[in-house]
Amino acid sequence: MSIHSRILGTGSYLPPETVSNDDLAARLARDGIETSDAWIVERTGIRQRHFAGPGVGSVDLGEHAARRALQDAGLQAQDIDLIIVATSTPDMIFPSNAALIQGRLGCPGGAVFDVQAVCAGFIYALSVADQFVRSGSVRHALVIGTEVFSQILDFSDRATCVLFGDGAGAVVLGPGERGGVLSSALHGDGRQASILCTPGRIEGGKVSGRPFLHMDGQAVFKQAVHVLEGVAREVLDKAGRTAADVDWMVPHQANIRIMLHTAKKLGIAAERVVQTVAWHGNTSAASIPLALDTAVRAGQVRRGQTLLLEAVGGGLTWGAALLEF
Ligand code: UT7
């Protein structure tokens, strides 16, 4: 019988400091930059975000989320044969966050690596882990999305610094006889790298370039609404399902307008879209596992339901996954 990779447990973690739109507006006003709660809510749906604060890294957040996912799955760290971390804000250039988190969890031996696909990173990581579990080459995989975007925000650019927050989410994948990941699809278009990037690197012991997030919001918006509908239809077709079979859409939480627009085009009611962007902001690769865990713990997403996950991010990268939870 063929192996299916199922989500055995979910977990998430948010750093305790919340920053409301008003808090952020007051902070920017000190530098003569104008923004408002009304603008941010109307254009994005965001009301607050969490910031990790000095000295707290994406490994710290990811470790908490991983421990919660393991507990939810009823597994020990020693049961994990593969850790994949999706992040664009790793603690170090190397080793990977996955290696550092494995070290913290104290479960050496399995494969560890990071995936760099920005906001689509969790879909990429989930799809890769799914192939390992389905092929039988690993039994249990931890897939983590963790970010501290607060550390790469340019607080003099009001068009981007109001959008992002910090957080982490994780899932444990393991073998099952039915359901689990039904289909996934990954895509990229490197010609569009410049519309969403953090163009800095280390050169001779110094940072060269501009190590701050840059985004042409309107260009990304246009691409997002185009590619997300396409890739969602692709995974539905691959699995022989339709949008009517979807119990919950769990989209990347970047902008409520993009999320609801995509859902509408697919014929999925707004009530079936998991929405956490108001409280978390855009947490890049962490946003989908964070939204999923939040919805599971709130009793919205339940076992046996069909979930449609989709995301677009810098690269450009985009992808989707359909799964039976
Ligand atoms: O996670 C990866 C994927 N990322 C995304 O999916 C993000 C995609 N893009 C977006 O979500 C939207 O483009 C934004 C939320 C970033 C911006 O919304 P928009 O409706 O495209 O606004 P805009 O850039 O067209 O700006 C409209 C106006 C401008 O003023 P003028 O030129 O009309 O006078 C901006 O200067 O709003 C101004 N503006 C602001 N005003 C107050 C831009 N940022 C702010 C701000 N507060 N924070």
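This is a predicted model, so every value here is computed, not measured. (Residues numbered from 1 in each chain as written. Predicted model: local features only at pLDDT ≥ 70, side-chain atom pairs only at ≥ 80, totals over all residues. Heavy atoms only, no water.)

### With respect to the site of the ligand
Here is step 1 of the chain: Taken together, the neighbourhood of the ligand is formed by 23 residues, with Thr35, Arg43, Gln218, Asn255 and Asn282 sitting nearest.
Here is step 2 of the chain: Within the contact set of the ligand, an oxygen atom lies 2.4 Å away from a side-chain nitrogen or oxygen of Gln218.
Here is step 3 of the chain: Burial of the ligand by the surrounding chains reaches 74%, relative to a free accessible area of 960 Å².
Here is step 4 of the chain: Elements represented by at least two residues in the shell around the ligand include exactly α2 (37-44), α6 (158-161), α7 (217-238) and α8 (256-266).
Here is step 5 of the chain: Residue contributions to the shell around the ligand peak at 4 residues, all from α7.
Here is step 6 of the chain: Per-domain counts for the shell around the ligand show at least three residues from each of domain 1 (4-178) and domain 2 (181-324). (Near = heavy atom within 4 Å. Polar contact = N/O pair within 3.5 Å; in protein donor to acceptor, adjacent residues only side chain to side chain. Areas by Shrake-Rupley, 256 points an atom, 1.4 Å probe, with all protein chains shown as cover. Helix = DSSP H or I, 4+ residues; strand = E, 2+ residues; numbered from the N terminus. Domains from an automatic or database assignment.)

### Details of unusual backbone geometry
Both trends apply: most residues other than glycine have a negative phi, and most peptide bonds are in trans.
Here is step 1 of the chain: With an omega of 0°, the peptide bond running from Phe94 to Pro95 counts as cis.
Here is step 2 of the chain: Mapping Pro95 onto the fold places it in the loop between β4 (82-86) and α4 (97-105).
Here is step 3 of the chain: Note that the residue after Gly315, namely Leu316, is joined by a cis bond; omega there is -15°.
Here is step 4 of the chain: Of note, Leu316 is situated in the loop between β14 (306-313) and β15 (317-324).
Here is step 5 of the chain: Its identity is not glycine, yet Val118 carries a phi of approximately 50°, on the positive side.
Here is step 6 of the chain: Relative to the assigned elements, Val118 resides in the loop between β5 (111-115) and α5 (121-135).

### Concerning the sheet that holds strand β13 (residues 248-251)
Here is step 1 of the chain: Taken in spatial order, the 4 strands line up as β8-β15-β14-β13 in an open sheet, and their pairing is mixed. One side of each edge strand has no neighbouring strand; the edge strands of this open sheet are β8 (180-188) and β13. Pairs of neighbouring strands in the sheet enclose a mean axial angle of 10°, with direction left out of account.
Here is step 2 of the chain: In the sheet, β8 pairs with β15 via 8 bridges, with the strands oriented antiparallel. What sits directly across from Ser183, in β15, is Leu322. (Pairing = 2+ DSSP bridges. Axes fitted to C-alpha atoms, helices over the stretch in contact; angles between N-to-C directions.)

### Details of the packing of helix α3 (residues 58-73) against α4
Here is step 1 of the chain: One can describe the packing of α3 onto α4 by two numbers: an axis separation of 10 Å at closest approach and a directional angle of 55°. Taken as axis vectors, α3 and α4 run oblique relative to one another. Seen from above, α3 lies across α4 with right-handed handedness. For the pair formed by α3 and α4, the contact residues are Ser58, Val59, Asp60, Gly62, Glu63, Ala66, Arg67 and Leu70 on the first element and Asn97, Leu100, Ile101, Arg104 and Leu105 on the second. (Parallel < 35°, antiparallel > 145°, perpendicular 65-115°, else oblique. Left-handed = near helix turned anticlockwise from the far one by under 90°. Contact = heavy atoms within 4.5 Å.)

### As for the pattern of salt bridges
Charged atoms that come close allow side chains of opposite charge to pair.
Here is step 1 of the chain: Under the defined criterion, the tally for this structure stands at 10 salt bridges.
Here is step 2 of the chain: One salt bridge connects Arg201 with Glu203, and the closest N-O pair in it is separated by 3.0 Å.
Here is step 3 of the chain: Owing to a relative accessible area of 42%, Glu203 belongs among the partly exposed residues under this scheme.
Here is step 4 of the chain: Salt-bridge contacts for Glu229 lead to Lys265; the nearest nitrogen and oxygen are separated by 3.2 Å. Separated by 36 residues along the polypeptide, Glu229 in helix α7 and Lys265 in helix α8 bring together distant segments of the chain.
Here is step 5 of the chain: Since its relative accessible area comes to 39%, Lys265 is described here as partly exposed.
Here is step 6 of the chain: Residues joined by salt bridges that share partners form a network here, namely Asp60, Glu63, Arg67 and Arg104. (Salt bridge = Lys/Arg side-chain N within 4 Å of Asp/Glu carboxyl O. Buried < 20%, exposed > 50% of the residue type's maximum accessible area, 1.4 Å probe, protein only.)

### Quick notes on the confidence of the model for the protein
Here is step 1 of the chain: Mean pLDDT for the protein: 98, with 100% of residues reaching 70 or above.
Here is step 2 of the chain: Ranking the elements of the protein by mean pLDDT puts strand β10 (residues 200-203) last, at 95, and β4 first, at 99. (pLDDT = per-residue confidence, 0-100.)

### So, the sheet that holds β4
One key point about sheets: their strands pair by backbone hydrogen bonds, in either a parallel or an antiparallel sense.
Here is step 1 of the chain: Read across the sheet, 5 strands follow the order β1-β7-β6-β4-β5 without closing on themselves; strand pairing throughout is mixed. Bordering the open sheet on either side are β1 (4-13) and β5, each of which pairs with just one other strand. In this sheet, neighbouring strand axes are inclined to one another by 20° on average, regardless of whether the strands run parallel or antiparallel.
Here is step 2 of the chain: In terms of strand pairing, β4 meets strand β6 (residues 141-148) through 5 bridges, oriented parallel. Looking across to β6, one finds that Val85 is bridged to Ile144.

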